[in-house]
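Overview (structure and organization)
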Amino acid sequence: MPSISRRDFIKVAGLGIGGALLAPATASAATPTGDDPNNYIGMLYDATMCVGCNACTNACRQWNSTTAEPGGEGGIYDAPRELSGDTWTLIQLYREEENYSFVKRQCMHCVDPACVSGCPVQALQKSSTGPVTYDAGRCIGCRYCMYTCPFDVPRFEWEEVIPKVQKCTLCNDRLEKGLGTACAEICPTGALVWGRRGDLIAEAESRLAAEPDRYVGKVYGKDDAGGTSVMYLSATPFENLGLPSLGNEPIPALSERSANIFLPTILIGGPLLLASIRAISKREGWA
Amino acid sequence: MAALLKPFKSDKPIPASFYPLLLLTLIGVGLSIYRLVVGLGPTTNMTDHYPWGVWISIDLFLIPVAGAAFTISLITYFFGRQHYEAVIRPAVVAGFLGYAIVGILLFLDIGRWPQFYNIFNPQFINLHSFLEEVSLCITLYTVILILEVAPIFLEKWNVRVPIEWIHRSIYLIAGAGIVLSMLHQSSLGSLFLLMPHKLHPLWWSPALPLMFLLQSIVAGLATAAIAVNLIWRVRGLKMDRELFRRIGQAMGLVLALYAAVKLGDTMGAGELDMLLMPDTLGVIAWLEIILGVLIPAGILYSRLVGHSAGPFWAGVFILIGTLINRLVVSWIGLAEPTLTPYFPSWIEIMITVGLGAGGFLAYGVVVRYFNPFPEGGRSRA
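Residues numbered from 1 in each chain as written. Chains lettered and ligands numbered in written order. Predicted model: local features only at pLDDT ≥ 70, side-chain atom pairs only at ≥ 80, totals over all residues. Heavy atoms only, no water.

A look at the overall build of chain B
Check the secondary structure of chain B and you find 13 helices and 0 strands. If you list the helices and strands of chain B from N to C, you get α-α-α-α-α-α-α-α-α-α-α-α-α. What you see for chain B is a C-alpha radius of gyration of 21 Å, in line with the 21 Å of a compact globule of 381 residues. When its C-alpha atoms are laid out on the principal axes, chain B stretches across 60 × 55 × 45 Å. A burial count over chain B gives 59% of its 381 residues as buried. Long-range pairs, those at least 24 residues apart, make up 79% of the contacts in chain B between residues at least 6 apart in sequence. Accessible area for chain B stands at about 15,400 Å²; split by element, carbon and sulfur atoms hold 72% of it. (Helix = DSSP H or I, 4+ residues; strand = E, 2+ residues; numbered from the N terminus. Rg over C-alpha atoms; globule rule 2.2 N^0.38 Å. Buried < 20%, exposed > 50% of the residue type's maximum accessible area, 1.4 Å probe, protein only. Contact = heavy atoms within 4.5 Å. Areas by Shrake-Rupley, 256 points an atom, 1.4 Å probe, with all protein chains shown as cover.)

See below:
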């Protein structure tokens, strides 16, 4: 499938619905809060430096008091296989014959997040410092966020009577104390670092420039889906690591343009149309 | 079932179909309470990979079916087609019951139901969210439907004053209902605009809101045609062929419009070749096209449209097509190919069946004990 923005373009052009939907995509330029995305706090994960030690998973558990998910031989190790209501980050392994790569999963803290755009009650919000935050006091548990997230990040506490949506908080409570994210601060190899998003992009690009053969030639998350606060460098194509090709337009852009067109059209045009139908039908003696 | 639709005669016994329907309804009620008490995990087969189950699919199907109410209101009150007046009350009652089922299912579906009212909290409302807009529109529209349904009961109980208020402002009430319907019927499609990466490309489109709106008009007319045909047949009334021809022609017109948008969209996106792929979704796409578009169009654009059975059967096929479409958009087309597909648990199924049975039961009671026909149950023909 071609990139999302191109697909929209072709589809809408084919239908001739109208020029307004064709407004150009502006990657990384607009955020819901109007902040400069380069000032967001984010993280950079370099898959070529990760040794898969899982210290990040453990640091996350300790700070957030999540429950371990034992698995493997004898069930004595904490061995989550994917994100869950109890596991907000983990290291997964991609392997194909001789090639392998680790990949860290957690919320990407998108610059313009689809989950925030879709949430009916603003339980998910983009904070001005970067983290996508969740407020269980607002959440009704509709699980729309789980479908709108292109990275399948939000998870549900299915076994709870009144479940919460759970995901990485970017350690918002640590950031407020001036600390870094728990996972990045513990990383022993420097594969994971945290900082200002703009600085992380500069760091990633200088690594790319210094060793172009080491990496596939792009920083994932700099522009993808309008940009994310957690970004990736890798030697393996990003699709293999579960980081899909999403195009550079933020996911909410089409939906919000559509809302801006459809809602006023129906709200103003609908009553006008009904009134004129009624007037005509009266004059023509249909009724 | 048919006996339920016969007019009330106090000396006649309650029809036999009443008791199984009542039993299914009560089982559904019991299981619904169980689900609320123990949570979604133990009662449903939903997972992090399939966070929406069969209840959402039923909602997405019932809402256009219940569109019978707004479609017939539009034709009766605004196009002034008096032919349709015989249809309006059964359509509005069916619409109200449809939305009542949707409302109950949504309440059972949301995980944090004790604070469901947050969707009405002005401080929380997200104006960018189509889900919020759908929730508000459906709530307001249910209020409108209550106003439209109320006269049926008020007449029976001989409370005249509110009936006159409702009659006097019927254009305002019906008009608001039509605008709210156009909003949420289209916004139901807009929900998936945030999911281009999840929904199968043959079904995902930026034109989803327009397609969902057109579909709801076709499905609403289809439901009206089926319901009226059944009711008149059971009551042994003379069919109004002219009425059926007109409903059939309206159905055919909007169906053609829908087909044109869908075809243009698929061609514009260069996805026609996907229809030639022998995979499951390719086959389902053809089923939807043949059953939901080609067969009904064949009926509606032939002389069959002049028989009361023509629009009836076209309507049946249109509803099958709508069901396939909504199942794909909310379930099959979202499946991740590498995972075991979702299938509802027996509790999910029995709650759904119970609500359906409750709906039939309520409809039967209204038809039996109240008068949903404007002229004492006589056909206008």
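Regarding the overall build of chain A
Per the secondary structure count, chain A includes 8 helices and 11 strands. The 287 residues of chain A split such that 53% are buried. Taking contacts inside chain A between residues at least 6 apart in sequence as the whole, the part at least 24 apart equals 57%. In the structure as shown, chain A presents an accessible area of about 12,600 Å², 53% of it carried by carbon and sulfur atoms.

Quick look at the interface of chain B and chain A
Each partner contributes residues to the interface: chain B has 73 residues there, and chain A has 66 residues. Summing both sides of the interface, chain B and chain A together bury roughly 6,000 Å²; the carbon and sulfur share of this comes to 64%. The largest per-residue losses of area from chain B upon contact with chain A belong to Asp48, Arg112 and Leu194 of chain B, which jointly make up 13% of the total buried on that side. Applying the counting rule to chain B against chain A returns 2 salt bridges. A salt bridge links Asp109 of chain B to Arg143 of chain A; the nearest nitrogen and oxygen atoms lie 2.5 Å apart. If you look at where chain B meets chain A, you find 33 residue pairs in polar contact (both at pLDDT 80 or more). Only α1 (18-38), α2 (40-43), α4 (68-78), α6 (130-156), α8 (170-190), α9 (208-235) and α10 (241-268) of chain B provide two or more residues apiece to the side of chain B that touches chain A. The residue makeup of the side of chain B that touches chain A, split by class, is 42 nonpolar, 21 polar and 10 charged. (Buried area = accessible area lost by both parts, 1.4 Å probe. Salt bridge = Lys/Arg side-chain N within 4 Å of Asp/Glu carboxyl O. Polar contact = N/O pair within 3.5 Å; in protein donor to acceptor, adjacent residues only side chain to side chain. Nonpolar A, V, L, I, M, F, W, Y, C, P; charged D, E, K, R; others polar.)

Re the packing of aromatic side chains
Applying the stated criterion to the full structure yields 22 aromatic pairs over all chains. Relative to Trp158 of chain A, the ring of Phe156 of chain A has its centre 4.9 Å away and its plane inclined at 70°; by these criteria the two rings are edge-to-face. An identical accessibility class is assigned to Phe156 of chain A and Trp158 of chain A; each is buried. Seen in terms of ring centroids, Phe153 of chain B and Phe370 of chain B are 4.6 Å apart; in terms of plane orientation they differ by 65°. Their pairing is edge-to-face. (Phe/Tyr/Trp six-rings, centres within 6.5 Å; stacked < 30°, edge-to-face > 60°.)

Considering the sheet that holds strand β1 (residues 41-46) of chain A
Residues and elements named next belong to chain A. Taken together, the 3 strands give an open sheet; going across it, the order is β10-β1-β11, and neighbouring strands pair in mixed fashion. Whereas interior strands pair on both sides, the edge strands pair on one side only; in this sheet they are β10 (192-196) and β11 (230-233). On average, each strand axis in the sheet is tilted by 25° relative to the strand beside it, whichever way the strands run. Relative to β10, β1 is paired through 5 bridges, and the arrangement is antiparallel. In the sheet register, Met43 faces β10, and the bridge partner there is Trp194. Its contacts with the sheet put helix α7 (residues 197-210) on β1, β10 and β11, and the angle it makes with β10 is roughly 130°. (Pairing = 2+ DSSP bridges. Axes fitted to C-alpha atoms, helices over the stretch in contact; angles between N-to-C directions.)

Some details on the pattern of salt bridges
Under the criterion given, the structure shown has 17 salt bridges over all chains. Notably, a salt bridge pairs Asp224 of chain A with Lys218 of chain A, separated by 2.7 Å at the nearest N-O pair. The partner of Arg246 of chain B in a salt bridge is Glu242 of chain B, and the shortest N-O contact between them spans 2.9 Å. In this pair, Arg246 of chain B and Glu242 of chain B both sit in helix α10, 4 residues apart, roughly one turn of the helix. Classification of Arg246 of chain B by relative accessible area gives partly exposed; the value is 28%.

Observations regarding the nonpolar core
Membership of the largest hydrophobic core comes to 180 residues, with the highest contact counts inside it found for Tyr232 of chain A together with Phe192, Trp203 and Met251 of chain B. Among the elements that take part in this core, α9 of chain B stands out by supplying 15 residues, more than any other. Viewed by domain, this core spans two of them, domain 1 (31-250) and domain 2 (251-287) of chain A, each represented by three or more residues. Apart from the residues lying within four places of it in its own chain, the contact partners of Met251 of chain B are Val218, Leu221, Ala222, Ala225, Leu300, Pro311, Gly315 and Ile318 of chain B. (Core = buried A, V, L, I, M, F, W, Y, C linked by side-chain atoms within 4.5 Å. Domains from an automatic or database assignment.)

Digging into unusual backbone geometry
Residues and elements named next belong to chain A. Even without glycine at this site, Asp152 takes up a positive phi of about 55°. Looking at where Asp152 falls in the secondary structure, it is placed in the loop between α4 (144-148) and β8 (155-156). Positive phi outside glycine occurs at Cys171, with the angle close to 50°. Structurally, the position occupied by Cys171 is in the loop between β9 (165-166) and α5 (172-175). Residue Cys171 is classed as buried on the basis of its relative accessible area, which comes to 8%.

Observations regarding the state of the cysteines
Formally, a disulfide is one covalent bond, and it connects the sulfur atom of one cysteine to the sulfur atom of another. Residues and elements named next belong to chain A. Within the structure shown, the criterion is met by 0 disulfides over all chains. Looking at the unpaired Cys50, the closest cysteine sulfur is the one in Cys56, lying at 6.5 Å. We note that Cys183 lacks a disulfide partner, and the nearest cysteine sulfur, in Cys171, lies 6.1 Å from it. (Disulfide = S-S within 2.5 Å.)

Comments concerning the pairing of β11 of chain A
All names here are of chain A. Side-chain alternation along β11 places Val230 and Tyr232 on one buried face and Met231 and Leu233 on a second face that is also buried. When β1 meets β11, the two strands line up parallel, connected through 4 bridges. Looking at β11, one finds that Met43 is bridged to Val230.

Considerations on α6 of chain B
Residues and elements named next belong to chain B. Over its 27 residues, α6 runs 39 Å from end to end, which matches the ideal 39 Å to within 8%, given 1.5 Å per residue. At Val149, α6 shows its maximal kink, close to 35°; a proline, Pro151, follows between one and four residues later. The residue sitting at the N-terminus of α6 and contributing the capping side-chain oxygen is Ser129; that oxygen lies 3.2 Å from the backbone nitrogen of Leu131. Asn158 occupies a position one or two residues after α6 and carries a positive phi of about 60°. (Expected span 1.5 Å × (residues − 1). Bend = angle between axes of the 7 residues up to and from the residue.)

Some words on the domain arrangement of chain A
Residues and elements named next belong to chain A. According to the domain assignment, chain A consists of domain 1 (31-250) and domain 2 (251-287). If you average the C-alpha positions of domain 1 and of domain 2, the two centres end up 43 Å apart. Counting from both sides, the interface comprises 8 residues of domain 1 and, opposite them, 6 residues of domain 2. Interface area, domain 1 with domain 2, both sides summed: about 570 Å², of which 58% is carbon and sulfur. Taken as a group, Ser117, Glu249 and Pro250 account for 61% of the area that domain 1 buries against domain 2, more than any other trio of residues on that side. In this structure, the connection of domain 1 to domain 2 is made through 1 salt bridge. Joining domain 1 to domain 2, the criterion identifies 4 residue pairs in polar contact (both at pLDDT 80 or more). Residues belonging to the side of domain 1 that touches domain 2 are distributed by class as follows: 5 nonpolar, 1 polar and 2 charged.

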